[in-house]
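# Results of the structural survey
This is what each chain is made of:
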Amino acid sequence: NAEYMGMQVPRFRVMSSFPPVALTGLWVAAYRAQESERPDYNRLCFDPLAAELAGPKGFELVAECSRVNPASTKVPFLPIRTKFIDDGILEYLSKNPDCKQLVILAAGMDTRAFRLPLPRDLTVYELDHKEVFDYKNSKISALRYDPVCRRICLAADLAADPWADQLSQAGFCIHQKTIFLVEGLYMYLPHDAVEKVTGLLSTISAPHSFLLADMQSEAVFKSAQLKPMLDFVTSINARWKSGYDDPAKMFAAHGWDATVSQSSEIGFKYGRWPISPYPLRSTAPVGYDEKQWGPWASVNPRSWLIAASRRSSEATLQLPQSRSKL
């Protein structure tokens, strides 16, 4: 056994059937566990389940990521993303008390149904592989935690199963406002799959539904500084496959009005970004020497945090069988 936060964490051997990309859920849980150890006045989230869910494998991944990408120890990208989404959920629910549905795609080790002060009459739909839920739910049951609201787990392969139909069969109502979380998913999908999942979400979203997501820019794939990180995620079979330089444009094409922020901007607002973020610009500043420093795009990678509202004039509520797969 390993000890973390005073807890005995049993060693977990990842079963051969555990989806490789799902390992990133253990990794993210480990970051939440580390963040939970910080003083309450300076932490971005608190998750009493995170250490158990991460297990030794999750902390091993954090250690290896820190080795290949030392910047990850200075800038808390994942806790910043966690707080951004936590705050977005709670703010939306406070302004839209009639919203009774929260859908989490590729839920992984997400614990918001247990750790956030959600309304008791909210239903949280989590979608992920069966093996992920088998592991996750057994760990949570052992800790004797109950969700604060109704929680429904739907075993689904987002790339193969008709998951929108599964949602409907589980009681999801396309005519009700819904919060959709697409956290830590888009970068693992090729561009055509990103477009398909966003388009499908549009078809099942009532007017003024809310979507929270994260993306990265195309420059990430051209950055020499980030190459060790790209190699690392590829080594655990979780290769990043897509980036967007203008996420708002992509979401607008599917009927969403998106506000796009840089992770650095949000992190600086939280007091957890080490330097003031430099302004977003698509062209190199005057005096930038491409011969000396390389193309501007290759040294200007961005991490995006996105909050989007479904436009009422374009909502097309339907569950087409042919489009319920990625």
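Now for a look at the structure at hand. (Residues numbered from 1 in each chain as written. Predicted model: local features only at pLDDT ≥ 70, side-chain atom pairs only at ≥ 80, totals over all residues. Heavy atoms only, no water.)

### Focus: the overall build of the chain
Each helix and strand counted, the chain has 11 helices and nine strands in total. A buried classification covers 53% of the 326 residues belonging to the chain. Across the chain, contacts joining residues at least 24 apart in sequence account for 78% of those joining residues at least 6 apart. Total accessible area on the chain stands at roughly 14,800 Å², and carbon and sulfur atoms take up 52% of it. (Helix = DSSP H or I, 4+ residues; strand = E, 2+ residues; numbered from the N terminus. Buried < 20%, exposed > 50% of the residue type's maximum accessible area, 1.4 Å probe, protein only. Contact = heavy atoms within 4.5 Å. Areas by Shrake-Rupley, 256 points an atom, 1.4 Å probe, with all protein chains shown as cover.)

### Quick look at the environment of isoleucine 140
Structurally, isoleucine 140 is set in helix H5 (residues 130–143). Judged by relative accessible area, isoleucine 140 falls into the buried class, the value being 4%. The sequence separation of isoleucine 140 and phenylalanine 114 amounts to 26 residues, and the corresponding C-alpha distance is 9.6 Å. Ignoring any residue separated from it by four or fewer positions in sequence, one finds isoleucine 140 in contact with Leu49, Leu53, Phe114 and Tyr145.

### A few points about the sheet that holds strand E7 (residues 210–216)
Spatially, seven strands are ordered E5-E4-E3-E6-E7-E9-E8 in an open sheet, and the strand pairing comes out mixed. Bordering the open sheet on either side are strand E5 (150–155) and strand E8 (256–262), each of which pairs with just one other strand. If you compare each strand with its neighbour and ignore which way they point, the axes differ by 20° on average. With six bridges connecting them, strand E4 (residues 123–128) and E5 associate as parallel partners. Bridge pairing links glutamate 126 to cysteine 153 in E5. The sheet strands contacting helix H3 (residues 77–95) are strand E3 (101–104), strand E6 (178–182), E7 and strand E9 (303–310), and the helix crosses E7 at an angle near 165°. The strands touched by H5 within the sheet are E4 and E5, with E5 carrying the most contacts at an inclination of about 140°. (Pairing = 2+ DSSP bridges. Axes fitted to C-alpha atoms, helices over the stretch in contact; angles between N-to-C directions.)

### Points about unusual backbone geometry
Unlike most non-glycine residues, arginine 144 shows phi in positive territory, near 60°. Here arginine 144 shows up in the loop between H5 and E5. What makes arginine 144 exposed here is its relative accessible area of 76%. In this model, asparagine 237 sits at a positive phi of 60°, which is unusual for a non-glycine residue. Counting through the fold element by element, asparagine 237 comes out in the loop between helix H8 (227–235) and helix H9 (247–253). Looking at asparagine 237, the relative accessible area reads 55%, which means it is exposed.

### Let's talk about the pairing of E3
With burial as the criterion, each face of E3 is covered, one bearing Gln101 and Val103 and the other bearing Leu102 and Ile104. Pairing between E3 and E4: four bridges, direction parallel. When the sheet's bridge partners are listed, valine 103 is paired in E4 with tyrosine 125. The pairing of E3 with E6 spans four bridges and is classified as parallel. Across the sheet, leucine 102 pairs through a bridge with isoleucine 179, a residue of E6.

### Focus on the packing of helix H1 (residues 23–36) against H3
The interhelical angle for the contact between H1 and H3, taken along N-to-C directions, is 85°, at an axis separation of 9 Å. When the axis of H1 is compared with that of H3, the two are roughly perpendicular. Facing Val28, Tyr31, Arg32 and Glu35 of H1, the residues of H3 in contact are Leu78, Pro79, Arg81 and Thr82. Each residue belonging to the contact of H1 with H3 can be placed in one class, and the counts come to four nonpolar, one polar and three charged. (Parallel < 35°, antiparallel > 145°, perpendicular 65-115°, else oblique. Nonpolar A, V, L, I, M, F, W, Y, C, P; charged D, E, K, R; others polar.)

No statement about biological role is implied by the geometric values presented.
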